[in-house]
Amino acid sequence: MVEQCNKDARTDLVTAGQVDEGLKLCARYGVHPALLFMEQVGVPRPVALRVLCSPHHFRQRDRRRTPRTQA
């Protein structure tokens, strides 16, 4: 499995938007409705599960347009 880094800019804006909507649903209605929504709109199940089950992996701010800095 490829290690994810929270500093990477999001490249798939459609999926990123769907994940954001799923997280909003999760906060309001819970994990199950959010997972069903994400699956219905085409978010890959492993991505949806990782995001919904690992809140410490949530992006703290929108970095879709900001490329990561080279250290």
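Residues numbered from 1 in each chain as written. Predicted model: local features only at pLDDT ≥ 70, side-chain atom pairs only at ≥ 80, totals over all residues. Heavy atoms only, no water.

A.B. asks: How should helix α1 (residues 13-29) be read in this particular structure?
C.D. replies: An α-helical segment advances 3.6 residues per turn. Residues three or four places apart therefore align on the same side. For α1, which comprises 17 residues, the first-to-last C-alpha distance of 24 Å matches the rise-based estimate of 24 Å (1.5 Å per residue) to within 8%. In the core, the buried residues of α1 are packed alongside α2 (31-41) and α3 (45-53). (Helix = DSSP H or I, 4+ residues; strand = E, 2+ residues; numbered from the N terminus. Expected span 1.5 Å × (residues − 1). Contact = heavy atoms within 4.5 Å.)

A.B. asks: Teacher, can you tell me more about the nonpolar core here?
C.D. replies: A general tendency of soluble globular proteins is for nonpolar side chains to be buried together. Counting nine residues, the largest nonpolar core consists of V19, C26, A34, L35, M38, V43, A48, V51 and L52. Of all elements in the fold, only α1, α2 and α3 reach the threshold of two or more residues within this core. With residues near it in sequence (within four places) discarded, L52 still touches G22, L23, C26, V31, A34, L35 and M38. (Core = buried A, V, L, I, M, F, W, Y, C linked by side-chain atoms within 4.5 Å. Buried < 20%, exposed > 50% of the residue type's maximum accessible area, 1.4 Å probe, protein only.)

A.B. asks: Please explain the packing of α1 against α3 as it appears in this structure.
C.D. replies: For the pair α1 and α3, the least separation of the axes is 11 Å and the interaxial angle reads 45°. In terms of orientation, α1 and α3 fall into the oblique class. The crossing of α1 and α3 is right-handed. Note on element contacts: α3 touches α1 through V47, V51 and L52, opposite V19, G22, L23 and C26. When grouped by side-chain class, the residues that make up the contact of α1 with α3 number six nonpolar, one polar and no charged. (Axes fitted to C-alpha atoms, helices over the stretch in contact; angles between N-to-C directions. Parallel < 35°, antiparallel > 145°, perpendicular 65-115°, else oblique. Left-handed = near helix turned anticlockwise from the far one by under 90°. Nonpolar A, V, L, I, M, F, W, Y, C, P; charged D, E, K, R; others polar.)

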